[in-house]
Amino acid sequence: MITRHSLWLLALSPVVWSLHFTAVYITAAIWCAKFPGTDLLKVRHLTAIYTVIALAVVSMQVFYGYRKHRSSDTHAHHKDSLEGRERFLGLTQLLISGLSFLAITYNAYAVYVFRSCE
Amino acid sequence: MKQLKAEFLFLFLLISCQGPYSALGPAGSAARTISGMFWWLCGAGLAIWLLFVALELYAILVKPGPHDLKKTRLFVIGGGVIFPVIIITISIYFSLAPLPDLVKMAPKGSVVVKVSGLQWWWRVKYPLANDQEIEVANEIWLPVNEPVQFLLSSEDVIHSFWVPSLAGKIDMIPGQTNHLSFTPTKTGHYLGSCAEFCGTSHALMRLDVKVVERNVFDEWLKKQERSVKKTGSPGETAFVSNGCISCHTVRGISSLGKIGPDLTHVGSRRRIGSGILNNDANQIHRWIDEVDLIKPEAKMPSFKSLPIEERKALAKWLEGLK
Amino acid sequence: MKEDEIDEIREGQERRLLKAWKVPEGWRYWSEVNNSEVGMWYTLTSLGFFFFAGVLALLIRIQLAVPDNDFLTADQYNQIFTMHGTVMMFLFAIPIFEAISILLLPQMLGARDLPFPRLSAYGYWCFLLGGIFVCGSLFFGAAPKGGWFMYPPLTSNYQPGVGADIWLLGLTFIEIASIAAAVELIVGILKCRPPGMRINLMPIYAWYILVVAIMILFAFPPLIAGDILLEMERAFDWPFFDERRGGNPLLWQHLFWIFGHPEVYIIFLPSIALLATIIPTFSRVHLVGHSWVVLSAVGTGFLSFGLWVHHMFTTGLPGVSLGIFSAASQAVAIPTGVQLFCFLATLLTGHFIKSVPMLFALGGMATFVIGGLTGVMVAIAPFDFQAHDTFFVVGHLHYVLIGGSVFPILAGIYYYAPIVSGKKLSERLGRLCFWLVIIGFNVTFFPMHASGLLGMPRRVYTYPAEMGIGGLNLISTIGAFILGAGFLVLLWDILRPKSKQPYSERNPWGAGTMEWAMKIPDRMWGVRSIPLIKTRYPLWDQPNFIKDIDHGNFYLPDAEEEMRETLITSTLDAHPIQCMRVPGPTFVTHLAALFSGGFFIFATYHWWIPTIISGILAVIFIVYWLWTGTAWIPEKNEKNVGMGVSLPIYKSGPLAAGWWAMFITMLADMTAFISLIFGYFFYWTVQENFPPQKIAGPEFLWPVTGAGLLLFSWILTKLSWKWNRENKTKRFYSSLLTASLMSLAGGIAFLAGPWVHKMDPTVHVYQAIVWVLVIWTALHAVLGSLMQVYCLARRMAGRMTALYDADITNVSLYACFMAVTGIITALVISGFPAIGR
């Protein structure tokens, strides 16, 4: 049923964002440190893969959060009930996943602006 | 009080933003890009701030009563989410666009200048075609309208190379070589500072940069390359006999000294002491006497113990090394 | 029951509660540990450091008022600006939020105290001792002078003298106290809420502090790791930042800023939390967009960890790295904007009421927005190339710190004064303070944006007249004195004698949240009975709420055994699960803090014998404290807590507060460890030949043996836990004893690795980093061994039994982390060279 793990779910999307961020940064940093002066094609390919996976997971969270949020009547999230609590968690999950989605997109875009390792 | 008034007036005039150290009076390609960006950001920032304050004032003064909850929620989503997302998306797009050009290297064949930071001066080297290098100190000349490639490092702590009118800054880190390239666009005289805290006299580590026409630059470089002729003058003798040559090089007299700035053509520089004193015999004399007071904890010891005639001759001789 | 009988019962309850929560008198007053006293001392001490650093700022401004000034020498100035930044960031900005939270959170959560009162007391005394030590150095001309950020190689190789060591060791000491406070706040927020306060009904202030405390767990340890490396280089010449021997100064910058950027959000978010609490009160409505604000706090907390390289834009990193961090640094403005708009919306929806706290709140927001906008500017890497390390950034950072943090704190001081001292502060003085501060502040810091772009770098003790910024600097200096005057007014308002002033009425601002339920002046019991919560604003929305609390109609209205008690509830729905007893006044925390401090302070001067003695004494006192103050076996299993509910008094395992504290502390510990591992891989990234070909060691034998020993030690500890439960005492004793010997042996095995291969840590950074990793692992192994022996002793002394087994439960958890540390160390130092070469 509704378990303690629901609170951890709140952190899932931002954790996916931070994993994506770390992966992109480390890939670019190690590539440019070990192969200076080369172009960034491989880095771009890897970034695309990371981004697709990350956006997929986060989109699912957006969807689930929305569903949890809409599962009962409006304004229930300040009500003292299991429903209210779930609705609140759902909305927060939805919002934080949306923010993570945005941040992941910006991150990926930044990689595409650059051609080479300078 | 009068000084205060003058300062206030000065402040208003200052909105013209010119000045030898100013980032807003650009004379280089990089500084120009950044300066242009700054004015847009200022405008946008001012508009957003005014909007915010207007809303605050509206909420507390104009209609200090309850508002409709539903409309306000829409306002929150619209103003707090959609508006910032649009602004930030635009800002990310336009702010990242100039970055690749600002960090790229200058094309091959450009003038190369190697600068090393030390506590608290700048070692400057111009590599020549024949694998040789001309070493000068604390003053850099550049040809106008040509891209220049700076190679920057440090021989002790982290410093930062910054000539605001020409370009942004780049740190000088021991163990690595950093790149900076831009094209100076206006002839003139520009000043720079070390921009990373590097110890006691960090504030006194300044730099002179002169941008001139190509032919003037070539002449200057040729002159800097020439060695000094031995004359046996009292100043020259003092320079050798008092151990100055163990730290300073004057090509033609001695090339052993690498610890301190190269003084071969020190008389030709606008300033001495890395941009802090005017270059004339009196100031040079003062430097020799009181370097420890002028630049606290500088590695050069004070030579006040020498007889005053020697110090005078030394200063005069150095002033003459044009 | 008759009226009289009810009254008599209530009187009895109150008498017993007051006895349990009585604050000692005379000099024993200082042994108190409850959150109200500790919180108040913490707040006043933090404010004291604020004023100290403020005076330093005035000295800076006097020196910079005119070009080529000689009011201060270069050396004096460099010490003063370093101390101004260091004291403000480490001795004011972080401690003040912890102080306010310690003071107010239990009130907001209807708890009688925080779950580990002695821990917060210990933290306070460490903070006081460390702070005096660090600040005192200035009076001896021996203060650190490398800037608050202390970049090597300047600070590793070019600043002999004790200043840098004072910074490194003094601050590490203080940071440990901060982490301790963070642990307590997390457990307090998740486990000590009143029944019925489900996660969606939790006050917004608690959400912010939860986010911030978790941020501290992950942000402070990288700095501690960096401090360790820098101190090892200074004291023992291990070349972590010396490029001539494979080190790299940029590692410090990464570690420092991975701490430093989240740090500023750790400072900012709790202050915004104050705004989120104050604004609804003076708008007479619920906070609009509560979930949006929660999202923003959580989002900002996470995003802030992805920004740190924007402090390193000019270090020559590849453009693509700069781009990533520039984009992220701009993106963080979005959740920040959401919060501000929710506050505006609350104002618009409600019925605005003028007051001094609101003046500060509104002024603070307007000021902060300027700082936020200049922040987006410097987040833009190309612009930062000009603005970095100039007074533009000094302007920016003060706008966000003072606008976003100090103004809300001033609002909080005026708002919460009735709770802390029982009396309101003066409205007239409050308004005077506000206007002096806001005018003074803007006159001081706005011109700095201009002077920075006109060429003024940071951290300069003087500037030449030809730079043309003399006028701007003079204006800034004048502003600084106006600002100072404003703070003097505040100081006067706080310190002036108020004996003739009547006490404030109860809930003077008409607020809706729990902390205002208390009587003014408050009684030492914190809350008369722990309420059942049904809404976010119980004082507004729950009828008869205050009356029910006062009459003891809720939980724990009594202290039958005259012991200090509070309720532990479940995380999501706040179902009551335990009646927890918390310890009372003691001096053991003082002694533990004194000797912990002694350890760091003697080490600063390289007086090794006193250091070791101090360290041992600290351990002894901490063990004594644990032995006498934790995991008390209760006289009965359960007790009646009111409202027809009976709860256990003792809990162990994953539902218990102690288990959570261990888990959270180990998260912080692992973060520091991972930072050291990051260092290892950083060196590999930036160098061609790492590990260097010609250097041998530590190979496989010893590290793998060590890891194996630690792994088995953990397994045996877990078995011991099982056998303790089953009362199989022989097996318990033998397995736990073996486990503790294995931990010790494991630690020694790790040390043997580099020892046997004669790895000299002063020769190249590879040896140094391997040594650091094995020493870290070995120290944790020794600590584990000590903990295992402790459990043996507890069982022998009858303080731990089959049923009451919190000690072995928590140590088992520790042993798991210890084993993981060992395995990772072995994988890295043995495994990586095999594939990396």
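For the structure, see preceding data.
What you are looking at is a predicted structure, and each value in this text was computed from that prediction instead of being measured.

**Section: the overall build of chain C**
Now for step 1: Check the secondary structure of chain C and you find 25 helices and four strands.
Now for step 2: In summary, chain C has a C-alpha radius of gyration of 27 Å against a globular reference of 28 Å for 837 residues, a match within 12%.
Now for step 3: Overall size of chain C, expressed as C-alpha extent along the three principal axes, is 90 × 80 × 45 Å.
Now for step 4: The buried share of chain C, taken over its 837 residues, is 70%.
Now for step 5: Taking as baseline every contact in chain C between residues at least 6 positions apart, the subset at least 24 positions apart corresponds to 81%.
Now for step 6: Surface exposure of chain C reaches about 26,200 Å², of which carbon and sulfur atoms provide 69%.
Now for step 7: When the 52 positive and 51 negative side-chain charges of chain C are each reduced to one mean point, those points stand 6 Å apart.

**Description of a nonpolar patch on the surface**
Now for step 1: Side chains of A:Tyr109, B:Ile77, B:Ile82, B:Ile86, B:Ile90, B:Tyr93 and B:Phe94 sit close together on the surface and give an oily, nonpolar patch of about 670 Å² of accessible area.
Now for step 2: Sort the elements by how many residues they give to the nonpolar patch and helix H3 (residues 69–96) of chain B lands first, with six residues.
Now for step 3: Note on placement: A:Tyr109 falls in helix H3 (residues 82–112).
Now for step 4: According to the relative accessible area criterion, A:Tyr109 is partly exposed, its value standing at 31%.

**Here we look at the interface of chain C and chain B**
Now for step 1: Across the contact, 86 residues belong to chain C and 86 residues belong to chain B.
Now for step 2: For the chain C and chain B pair, buried surface summed over both sides reaches about 7,100 Å², with 73% attributable to carbon and sulfur atoms.
Now for step 3: For chain C, the biggest contributors to the area lost against chain B are C:Phe341, C:Leu348 and C:Gln386; these three give 11% of the whole.
Now for step 4: For the interface between chain C and chain B, the tally reads one salt bridge.
Now for step 5: Its salt-bridge partner being C:Glu466, residue B:Arg271 comes within 2.7 Å of it at the nearest N-O pair.

**Some details on the state of the cysteines**
Residue and element names in this part refer to chain A.
Now for step 1: In this structure the tally under the stated criterion is one disulfide over all chains.
Now for step 2: With its sulfur 1.9 Å from that of its partner, Cys32 forms a disulfide with Cys117. Between Cys32 and Cys117, the S-S dihedral sits near -80°, and the bridge is therefore left-handed. With Cys32 in helix H1 (residues 5–34) and Cys117 in the segment after H3, this pair connects stretches of sequence that are 85 residues apart.

**Focus: the interface of chain A and chain C**
Accessible area lost upon the coming together of the parts is a frequently used measure of interface size.
Now for step 1: Counting from both sides, the interface comprises 43 residues of chain A and, opposite them, 42 residues of chain C.
Now for step 2: The contact between chain A and chain C buries some 3,700 Å² in all, and 77% of this surface belongs to carbon and sulfur atoms.
Now for step 3: In terms of surface lost to chain C, no three residues of chain A exceed A:Tyr25, A:Asp80 and A:Phe88, which account for 18% of the buried area on that side.
Now for step 4: Between the two partners, chain A and chain C, sit one salt bridge.
Now for step 5: The residue C:Asp573 makes a salt bridge to A:Arg85 at a minimum N-O spacing of 2.3 Å.
Now for step 6: The tally of links from chain A across to chain C stands at five residue pairs in polar contact (both at pLDDT 80 or more).
Now for step 7: Of all elements in the fold, only H1 and H3 of chain A reach the threshold of two or more residues within the side of chain A that touches chain C.
Now for step 8: Grouping the amino acids of the side of chain A that touches chain C by side-chain chemistry returns 29 nonpolar, eight polar and six charged.

**Notes on the side chain of A:Thr47**
Now for step 1: If you trace the backbone, A:Thr47 turns up in helix H2 (residues 41–69).
Now for step 2: The contacts of A:Thr47, once residues within four sequence positions are left out, are A:His20, A:Val24, A:Ala108, A:Val111 and A:Tyr112.

**Notes on the packing of aromatic side chains**
Now for step 1: All chains considered together, the criterion is met by 94 aromatic pairs over all chains.
Now for step 2: Taking 5.0 Å as the distance between ring centres and 75° as the angle between the ring planes, the aromatic pair formed by C:Tyr29 and C:Trp30 counts as edge-to-face.
Now for step 3: On the basis of relative accessibility, which here comes to 21%, the residue C:Tyr29 falls in the partly exposed class.
Now for step 4: Residue class for C:Trp30 comes out partly exposed when judged on its relative accessible area of 41%.
Now for step 5: Taken together, a centroid distance of 6.0 Å and an interplanar angle of 50° make the contact between C:Phe545 and C:Phe554 tilted. The pair formed by C:Phe545 and C:Phe554 is uniform in burial state, with each residue classed as buried.
Now for step 6: Joined through ring pairs, the aromatic side chains of C:Phe90, C:Trp148, C:Trp167, C:Phe220, C:Phe240, C:Phe241, C:Trp252, C:Phe256, C:Trp257 and C:Phe259 make up one cluster.
Now for step 7: Positioned above the aromatic ring of B:Trp141 is the side chain of B:Lys210, whose terminal nitrogen or guanidinium carbon lies 5.6 Å from the ring centre.
Now for step 8: In this structure, C:Lys423 is placed above the aromatic ring of C:Tyr503, and the distance from its NZ or CZ to the ring centre is 5.0 Å.

**Considerations on a positive patch on the surface**
Residue and element names in this part refer to chain B.
Now for step 1: Together, Lys222, Lys223, Arg226, Lys229 and Lys322 give the surface a local cluster of positive charge.
Now for step 2: Structurally, Lys222 is set in helix H5 (residues 214–225).
Now for step 3: Owing to a relative accessible area of 56%, Lys222 belongs among the exposed residues under this scheme.

**Points about the nonpolar core**
Now for step 1: Counting residues in each nonpolar core, the largest one holds 415 residues, and the members touching the most others are B:Tyr126, B:Ile140, B:Phe150, B:Phe161 and C:Phe240.
Now for step 2: By residue number, the principal contributor to this core is helix H3 (residues 74–108) of chain C, which donates 22 residues.

Reading guide: rules and limits
Every chain is numbered independently, its residues counted from 1 as its sequence is written. Ligands are numbered from 1 and chains lettered from A, in the order in which they are written. Confidence filtering applies because this is a predicted model: local features only for residues at pLDDT of at least 70, side-chain atom pairs given and counted only at 80 or more, and all residues used for totals across whole chains, interfaces and linings. Hydrogens and waters are ignored; side-chain quantities use all the structure's heavy atoms. Helix and strand assignments follow DSSP, with helices taken as H or I runs no shorter than four residues and strands as E runs no shorter than two, numbered in order from the N terminus. Here the globule rule is a power law, 2.2 Å times the number of residues to the power 0.38, and the radius of gyration is based on C-alpha atoms. For each residue, the accessible area found with a 1.4 Å probe, counting protein chains only, is set against the maximum for its type, and the residue is called buried under 20%, exposed over 50%, and partly exposed in between. Throughout, a contact is declared for two residues whenever any of their heavy atoms are within 4.5 Å. What sets the accessible areas is the Shrake-Rupley method with a 1.4 Å probe; for residues, cover comes only from the shown protein chains. When charges are counted, Lys and Arg are positive and Asp and Glu negative, with His and the chain ends excluded. One atom stands in for each charge, and that atom is NZ of Lys, CZ of Arg, CG of Asp or CD of Glu. Patches in this entry comprise residues that are over 30% relatively accessible and not in a salt bridge; like charges within 9 Å are linked, as are nonpolar side chains (Val, Leu, Ile, Met, Phe, Trp, Tyr) within 5 Å. By salt bridge we mean one thing: a side-chain nitrogen of Lys or Arg within 4 Å of a carboxyl oxygen of Asp or Glu. Summed over both partners, the accessible surface that disappears when two parts come together, traced with a 1.4 Å probe, is what is meant by buried area. The term disulfide is used for any two cysteine sulfur atoms that are within 2.5 Å. Counting of polar contacts relies on pairs of N or O atoms within 3.5 Å, with two restrictions inside protein: one atom must be capable of donating a hydrogen and the other of accepting it, and residues adjacent in sequence are counted only when both atoms are side-chain atoms. The residue classification treats Ala, Val, Leu, Ile, Met, Phe, Trp, Tyr, Cys and Pro as nonpolar and Asp, Glu, Lys and Arg as charged. All others, Gly included, are polar. Stacked, tilted and edge-to-face are the three classes applied to pairs of Phe, Tyr and Trp rings, where Trp contributes its six-membered ring and a pair requires centres within 6.5 Å; stacked means planes under 30 degrees apart, edge-to-face means over 60, and tilted covers the rest. By definition, being over a ring means that NZ of Lys or CZ of Arg is both within 6 Å of the ring centre and within 35 degrees of the ring normal. Definition used in this section: a nonpolar core is a set of buried Ala, Val, Leu, Ile, Met, Phe, Trp, Tyr and Cys residues joined via side-chain atoms within 4.5 Å.

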